[in-house]
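The primary structure of each chain is shown beneath.
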Amino acid sequence: MKPLWLLTAMAGLLSSSVFAAPINVKFDKVADNVYAFVGPTDDRTLDNFGLNSNHGLIVTDKGAILIDAGASYTAAKQLEKAAAQVTKQPIVAVINTGSQDHRWLGNGYFAGKGAEIIALQRTVDTQKKLAKGQIESLTKTLGDQMKGTEAVTAAKPIAADIHSLTIGASEVKVRYFADAHFPGDVTVYVPKANVVFTGDHVYLDRMIGIHPGWSNPKTWRSAVHELMKAYPTAKVVPGHGRVADMAMAKKETADYLDYLNDVVGKAALDMDSIDEVSAKAKDLAQFKHLKHYDSWNPRNVNTTFLFYEQGN
Ligand SMILES: [Zn+2]
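Quick notes on the rules
- Residues numbered from 1 in each chain as written.
- Predicted model: local features only at pLDDT ≥ 70, side-chain atom pairs only at ≥ 80, totals over all residues.
- Heavy atoms only, no water.
- Salt bridge = Lys/Arg side-chain N within 4 Å of Asp/Glu carboxyl O.
- Buried < 20%, exposed > 50% of the residue type's maximum accessible area, 1.4 Å probe, protein only.
- Helix = DSSP H or I, 4+ residues; strand = E, 2+ residues; numbered from the N terminus.
- Phe/Tyr/Trp six-rings, centres within 6.5 Å; stacked < 30°, edge-to-face > 60°.
- Lys NZ or Arg CZ within 6 Å of the ring centre and 35° of its normal.

Student: Which residues make up the pattern of salt bridges, and what are the values?
Tutor: Under the criterion given, the structure shown has 17 salt bridges. Here Asp32 and Lys29 are joined by a salt bridge, their closest N and O atoms 3.0 Å apart. The class for Asp32 is exposed, based on a relative accessible area of 57%. Linking Arg242 and Glu252 is a salt bridge whose minimum nitrogen-to-oxygen distance equals 3.8 Å. Highlighted residues: Arg242 in the loop between β11 (235–237) and β12 (244–245) and Glu252 in helix α7 (residues 246–269), separated in sequence by 10 residues. Classification of Arg242 by relative accessible area gives partly exposed; the value is 32%. Each of Asp68, Arg103 and Asp200 takes part in one network of salt bridges that share partners.

The structure is reproduced here in structure tokens:
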């Protein structure tokens, strides 16, 4: 028999994150032939395969369309396995809604199996700029899971802002509104089902992140307002967080972007002090419930203030 101290130590290890069970990657039905995998709203970890993001699946009679390829070769395989649980149709096309790792680094896996990678030129431009840094940083977090991952972008990027594609009897619309979380972020709309995959335009349950040098709080805000107008009654699959509707997208993303621009940005233009603005923005009752509020809200306020102060 093992001594008690050893059993206790082992139990401690088992309950620590090192031995936490990997998440179950699974697509849930959103509408007829339309599915979503709603990833955890935590950071990227080995246990979530870097899939701390939402992904879509549209099933047609001529193959399935995956929305966003996952953060790595391993993550792509997980998504493929999850797709196989809901349809026998193979993934024949992968649409990238953006340039963050989990949106596209799994492209290579699917391209290797003959799937067409679909992305706008402006999305690909940003992917190419970010590729090296993303792979380096993900390799630190995901280690061996990154094996086989290559920065494969769409072979024929689309030089337009709106692109319709029809596979089998299903039509899907890719649409760019404005630079948002990253330059070249797009949305994917399924007219028949009235479902919109917003990519990183909309985050629910968790705080958005304004990345210095990449995120544009001004145009991100206008993009979200435009997409709310374009698809007012659509079911919303956000980039992160639960599936909901436009009222929720307004409440948890658009209203916050309004605050950043109307209050924080305005204060910068009025040459108020950043300390005062930050102090006022500390307790925003409307948004405090969002995950990562304490870490991201101060950064977002700071980044937005500087963005405006620098004349953007
Ligand atoms: Zn994201």
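Student: Help me get a handle on the packing of aromatic side chains, residues and values and all.
Tutor: Under the counting rule described, the total for this entry stands at 8 aromatic pairs. Consider the rings of Phe177 and Tyr231, whose centres lie 6.4 Å apart with planes at 85 degrees: the pair is edge-to-face. Placement of Phe177 in the loop between β8 (170–176) and β9 (186–190) and of Tyr231 in the loop between α6 (217–230) and β11 is noted, with a sequence separation of 54 residues between them. For the pair Phe177 and Tyr231, one class covers both residues: buried. Ring geometry for Phe307 against Tyr308: centres 5.9 Å apart, planes inclined by 70 degrees, an arrangement best described as edge-to-face. Here Phe307 matches Tyr308 in class, with each residue buried. Through successive ring pairs, a cluster of aromatic residues spans Tyr73, Tyr109 and Phe110. Taking NZ or CZ as reference, Arg122 lies 3.8 Å from the ring centre of Tyr176, over its face. Looking at Arg299, its charged tip hangs above the ring of Trp296, at a distance of 3.9 Å from the centre.

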